[in-house]
Amino acid sequence: MTTERLEVIGDGDNRNAEQFYADFLAKLQQEQAFPSPYVYKFIVPGNGNQVAMIHAIFENAKASFATRDSKTGKYISLTVTLQADSAEQVVEYYKEVGSLQGVVML
């Protein structure tokens, strides 16, 4: 399983985002066999509804969720674990979550 962190990509840079996801997909396909468990990690603001929105994205994936508030409560760390069927599925979930405002993908 890859342990590399995803880069944060600016909203106005779709060409670079698409290239990043294409490169990430190729790396996943080389380094991980599917189906297999996959762990997503996100950091979201503590005062928003991003946790609920991420739950909705993974609603049909039979995923498990774990959250942890930061010491000050300003942020929430969210871990999502699921049985991924393919590298393409992993990337699609990243793209969906990446479309949410204020979410940092690790």
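Residues numbered from 1 in each chain as written. Predicted model: local features only at pLDDT ≥ 70, side-chain atom pairs only at ≥ 80, totals over all residues. Heavy atoms only, no water.

Draft legend 1. Region of the structure containing the pattern of salt bridges. Considering all chains together, one arrives at two salt bridges under this definition. Between Glu 18 and Lys 95 there is a salt bridge, with the nearest N and O atoms lying 3.6 Å from each other. Of this pair, Glu 18 sits in helix H1 (residues 14-31) while Lys 95 sits in helix H3 (residues 87-98), placing them 77 residues apart in sequence. Lys 95 sits in the partly exposed class, given a relative accessible area of 27%. A salt bridge links Lys 95 to Glu 92; its shortest N-O distance comes to 3.9 Å. Taken together, the residues Lys 95 and Glu 92, both in helix H3 and three residues apart, mark about one turn of the helix. A relative accessible area of 41% places Glu 92 in the partly exposed class. Salt bridges here are not isolated pairs; linked through shared partners, they connect Glu 18, Glu 92 and Lys 95. (Salt bridge = Lys/Arg side-chain N within 4 Å of Asp/Glu carboxyl O. Helix = DSSP H or I, 4+ residues; strand = E, 2+ residues; numbered from the N terminus. Buried < 20%, exposed > 50% of the residue type's maximum accessible area, 1.4 Å probe, protein only.)

Draft legend 2. Region of interest: unusual backbone geometry. Along the chain, Phe 34 connects to Pro 35 via a cis peptide bond; the corresponding omega equals 0°. Structurally, the position occupied by Pro 35 is in the loop between H1 and strand S1 (36-45). Of note, Lys 62 is a non-glycine position whose phi angle comes to about 55°, a positive value. Here Lys 62 lies in the loop between helix H2 (50-57) and strand S2 (64-69).

Draft legend 3. Expanded view of the sheet that holds S1. With respect to topology, four strands assemble into an open sheet ordered S2-S3-S1-S4, the strand pairing being antiparallel. Strands with a single pairing partner mark the edges of an open sheet, and in this sheet they are S2 and strand S4 (104-105). Where S1 lies against strand S3 (residues 75-84), ten bridges are found, and the strand directions are antiparallel. When the bridges of S3 are listed, Val 39 appears paired with Thr 81. (Pairing = 2+ DSSP bridges.)

Draft legend 4. Structural detail: the packing of aromatic side chains. Applying the stated rule across the entire model yields 13 aromatic pairs. Ring centres of Tyr 40 and Tyr 93 lie 6.3 Å apart, and the angle between their planes is 80°; this geometry places the pair in the edge-to-face category. Here Tyr 40 is found in strand S1, whereas its partner Tyr 93 is found in helix H3, with 53 residues between them in sequence. With relative accessibility at 11%, the residue Tyr 93 sits in the buried group. Ring geometry for Phe 42 versus Phe 58: centroids 6.4 Å apart, planes at 40°, classification tilted. Here Phe 58 lies in the loop between H2 and S2 and Phe 42 lies in strand S1, a separation of 16 residues in the sequence. No difference in accessibility class separates Phe 42 from Phe 58, as the two residues are buried. (Phe/Tyr/Trp six-rings, centres within 6.5 Å; stacked < 30°, edge-to-face > 60°.)

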